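Tertiary structure, described
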Amino acid sequence: MAPRWKGKGAKAKALADPISEIVSQLQSSLIQSNSRGLLSGMSLLLKADVVQTNLLNRACFGRPRVTAENNEQWFQLCMEEAFYLYYSLNCIKIVNHNGCEQNSDELWKYMTSKRENFPVLYKAYSHLRSKNWVVRLGSQYGVDFVAYRHHPAFVHSEYAVLVMSARNGNTNGRLRVWSDFQCTLRLCGSVAKTLLVLNIVEQKKHAASPSCLDGYGVEERTITRWSPEQCREVPVS
């Protein structure tokens with residue numbers, strides 16, 4: 001499926017402003033300001049200045065929170081986004097509700113306690129982000145994530161992403177029977193997305209620390225509906 005760009009000139013604007021460069025600028029800015037995020041339930045609150053607000057919006061990390069302070073902007077990040085900035089990009093620090101800074105093992109324990117399948121979901125998220133895809137939660141489409149070629153203002157999402165693993169089976173309880181495939185593919189087709197299944201191969205069975213991620217592999221598979229009209233033999237006239 002070809003990218004569906006939004007409006008005239010969207011493709012040119014996206015190509016002139018690659019996601020990899022935006023993320024690199026965001027990483028540098030957060031490191032320089034010694035940014036600290038606050039754990040709040042299953043999300044993270046991150047304070048941003050004007051420059052960082054612009055970069056977070058352009059890179060599509062988190063969502064801005066409305067506050068009473070005119071000069072302060074806060075972003076709410078999901079756990080995958082927060083851990084990616086902390087662990088993969090190493091550009092923020094994270095504190096708990098007591099103000100104590102968390103190390104990687106403490107943060108990992110916290111996030112896996114909030115969501116048992118966090119390790120495989122994070123591996124899938126970081127896998128897509130490392131390929132410079134913009135990744136958003138996909139609950140509105142009945143999937144784990146949706147993946148964009150660039151900012152959603154420029155292009156529609158191309159992939160609806162489901163995450164699976166051999167140890168946990170299907171992390172979201174989908175695709176267990178054939179009717180699940182039919183329903184999911186029909187939904188993806190109705191919103192013009194390709195179903196991308198990421199199977200996380202876990203070589204280490206105990207996910208006690210983030211070091212287990214090094215032993216995880218990712219198998220990609222796209223699944224589409226078979227259309228007889230597109231495959232039929234052309235009648236001879």
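The present account deals with the structure reproduced in this document. Along each chain, numbering runs from 1 in the same order as the chain's sequence is written. Predicted model: local features are reported for residues with pLDDT of at least 70 only, side-chain atom pairs are reported and counted for 80 or more only, and whole-chain, interface and lining totals are derived from all residues. Calculated side-chain values reflect all of the structure's heavy atoms, with hydrogen atoms and water omitted.

Lines are fitted to the C-alpha atoms to define the axes, a helix being fitted only along its stretch in contact, and any angle between axes, read from their N-to-C directions, falls within 0 to 180 degrees. Working definition: helices are DSSP H or I runs of at least four residues, strands are E runs of at least two. Numbering for both runs from the N terminus. One can describe the packing of helix 2 (residues 19-32) onto helix 3 (residues 50-59) by two numbers: an axis separation of 9 Å at closest approach and a directional angle of 145°. The element helix 2 and its partner helix 3 pack so that their crossing is left-handed. Taken together, the residues of helix 3 that come into contact with helix 2 (itself represented by Ile19, Ile22, Val23, Gln25, Leu26, Ser29 and Leu30) are Val51, Gln52, Leu55, Leu56, Arg58 and Ala59. What makes a crossing left-handed is the near helix being turned counterclockwise from the far one by less than a right angle; a clockwise turn instead makes it right-handed. By the convention used here, residues are in contact when the closest approach between their heavy atoms is within 4.5 Å.

This part is about the pattern of salt bridges. Between Lys or Arg on one side and Asp or Glu on the other, a salt bridge is scored when a side-chain nitrogen of the former is within 4 Å of a carboxyl oxygen of the latter. Under the definition given, this model contains five salt bridges. Linking Glu101 and Arg36 is a salt bridge whose minimum nitrogen-to-oxygen distance equals 3.7 Å. A residue pair is termed long-range when its members are at least 10 positions apart, and Glu101 in the loop between strand 5 (93-95) and helix 5 (104-114) and Arg36 in strand 1 (residues 36-40) qualify at 65 residues. Residue classification places Arg36 among the partly exposed residues on the basis of a relative accessible area of 39%. Across the salt bridge formed by Arg149 and Glu158, the nearest N and O atoms sit 2.6 Å from each other. Residue exposure (1.4 Å probe, protein chains only): buried if accessible area is under 20% of the type maximum, exposed if over 50%, otherwise partly exposed. Its relative accessible area of 4% is what places Glu158 among the buried residues.

Working definition: a ring pair exists when centres of Phe, Tyr or Trp rings (six-membered ring for Trp) sit within 6.5 Å. Plane angles under 30 degrees give stacked, over 60 give edge-to-face, the rest tilted. This structure, assessed with the given rule, holds eleven aromatic pairs. Aromatic pair Tyr84 and Tyr125: ring centres 5.8 Å apart, planes at 80°, arrangement edge-to-face. Linking Tyr84 in helix 4 (residues 79-88) with Tyr125 in helix 6 (residues 118-130), this pair joins segments that are 41 residues apart in sequence. No difference in accessibility class separates Tyr84 from Tyr125, as the two residues are buried.

Attention shifts here to the pairing of strand 4 (residues 73-78). For two strands to be treated as a pair, DSSP must find at least two bridges joining them. Here strand 2 (residues 43-48) pairs with strand 4 via six bridges, running antiparallel. Bridge pairing links Leu46 to Phe75 in strand 4. In the sheet, strand 3 (residues 63-65) pairs with strand 4 via three bridges, with the strands oriented antiparallel. Pairing of Arg63 across the sheet is with Gln76, part of strand 4.

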